[in-house]
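Listed here are the chains, written in short residue letters.
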Amino acid sequence: IALTEADVAARFGGGCAVGAGATLVVEGAGDVSFEDVVVFPGAALRVTAAAGATVSAKGLRVANAGYAVEELRADELSDQAVPEATRIRGFRVVRRGETHLAFPAPGAYTVGPSPDDGG
């Protein structure tokens, strides 16, 4: 999503915040931007945008159980049933809860707060 400070400035408008221990994942070849989006501490927001999708997230407030990092037990480090990449890292990411916004088709999308989330 961003390789330089200029890229970050172009993607994130004012009022954006990602709290301590929170996770923001942007995946896919789409064009995603954020304005006044807050991911509260410990929460997780994942945005998936396909090639040709332009997504503008505005005014979102994200609060959920988020992701946890779980260290592998000693026996798991040598267990071939555990994926090799996970064994090399020595931990796994457990998705306890997340807000996932998916845009699988080209188009222009604007996502804002729902009427009942107080945002």
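Heads up: these notes are all about the structure in this document.

Thresholds, definitions, all that
Numbering of residues starts from 1 in each chain and follows the order in which that chain's sequence is written. Selection of residues for local features in this predicted model requires a pLDDT of at least 70, selection of side-chain atom pairs for listing and counting requires 80 or more, and totals for whole chains, interfaces and linings are taken over all residues. Where side-chain values are given, they derive from all heavy atoms of the structure, hydrogens and water being excluded. Two strands form a pair only when DSSP identifies at least two bridges running between them. To qualify as a helix, a DSSP run of H or I must reach at least 4 residues; to qualify as a strand, a run of E must reach at least 2; elements of each kind are numbered from the N terminus. For helices, the fitted line uses only the C-alpha atoms of the stretch in contact; every axis is such a line through C-alpha atoms, and the angle between N-to-C directions lies from 0 to 180 degrees. Residue burial is assigned from relative accessible area. The probe radius is 1.4 Å, only protein chains are included, and a residue is buried under 20% of its type maximum, exposed over 50%, and partly exposed in between. Working rule for contacts: check all heavy atoms of both residues, and any pair within 4.5 Å makes them a contact. For the purposes of this section, nonpolar cores are sets of buried Ala, Val, Leu, Ile, Met, Phe, Trp, Tyr and Cys residues that join through side-chain atoms within 4.5 Å. What counts as a salt bridge is simple: a side-chain nitrogen of Lys or Arg found within 4 Å of a carboxyl oxygen of Asp or Glu.

**Section: the sheet that holds strand β6 (residues 53-58)**
Then, number 1: Here three strands make up an open sheet; going across it, the order is β3-β6-β11 and the pairing parallel. Of all the strands in the sheet, the pair left with one neighbour each is β3 (31-35) and β11 (107-111). Across this sheet, the average inter-strand angle for adjacent strands is 10 degrees, counted without regard to direction.
Then, number 2: Direction of pairing for β6 relative to β11: parallel, over a ladder of five bridges.

**Focus: the environment of leucine 101**
Then, number 1: Mapping leucine 101 onto the fold places it in strand β10 (residues 99-103).
Then, number 2: Judged by its relative accessible area of 16%, leucine 101 is buried.
Then, number 3: Spatially, the C-alpha atoms of leucine 101 and alanine 6 are 25 Å apart, while their sequence positions differ by 95 residues.
Then, number 4: When sequence neighbours within four positions are dropped, the list of residues in contact with leucine 101 reads Leu45, Arg46, Val47, Thr48, Leu60 and Val111.

**Brief notes about the sheet that holds β10**
Then, number 1: Taken together, the three strands give an open sheet; going across it, the order is β2-β5-β10, and neighbouring strands pair in parallel fashion. Every interior strand has two partners, whereas the edge strands, β2 (23-27) and β10, have only one. The average angle at which neighbouring strand axes cross in this sheet is 5 degrees, direction not considered.
Then, number 2: Taken together, the five bridges between strand β5 (residues 44-49) and β10 define a ladder with parallel strand orientation. Pairing of threonine 48 across the sheet is with alanine 102, part of β10.

**As for the nonpolar core**
Then, number 1: Formed by 17 residues in total, the largest nonpolar core has its most connected members in Phe34, Leu45, Val47, Leu101 and Phe103.
Then, number 2: Elements with a minimum of two residues in this core: β3, β5, β6 and β10.
Then, number 3: Those residues in contact with valine 47, other than ones at most four positions away along the chain, are Val25, Val26, Glu27, Val32, Phe34, Leu101 and Phe103.

**What about the pattern of salt bridges?**
It is possible for side chains of opposite charge to pair when their charged atoms get near one another.
Then, number 1: Summed over all chains, the structure comprises eight salt bridges.
Then, number 2: With its nearest N and O atoms 2.9 Å apart, the salt bridge here joins glutamate 27 to arginine 46. Residue glutamate 27 is located in strand β2, and its partner arginine 46 is located in strand β5; the two are separated by 19 residues in the primary sequence.
Then, number 3: Glutamate 98 is paired through a salt bridge with arginine 46; the nearest N and O atoms lie 2.7 Å apart. Pair noted here: glutamate 98 is in the loop between β9 (91-95) and β10 and arginine 46 is in strand β5, with a separation of 52 residues, a long-range link.
Then, number 4: A relative accessible area of 25% places glutamate 98 in the partly exposed class.
Then, number 5: Residue arginine 46 is classed as buried on the basis of its relative accessible area of 12%.

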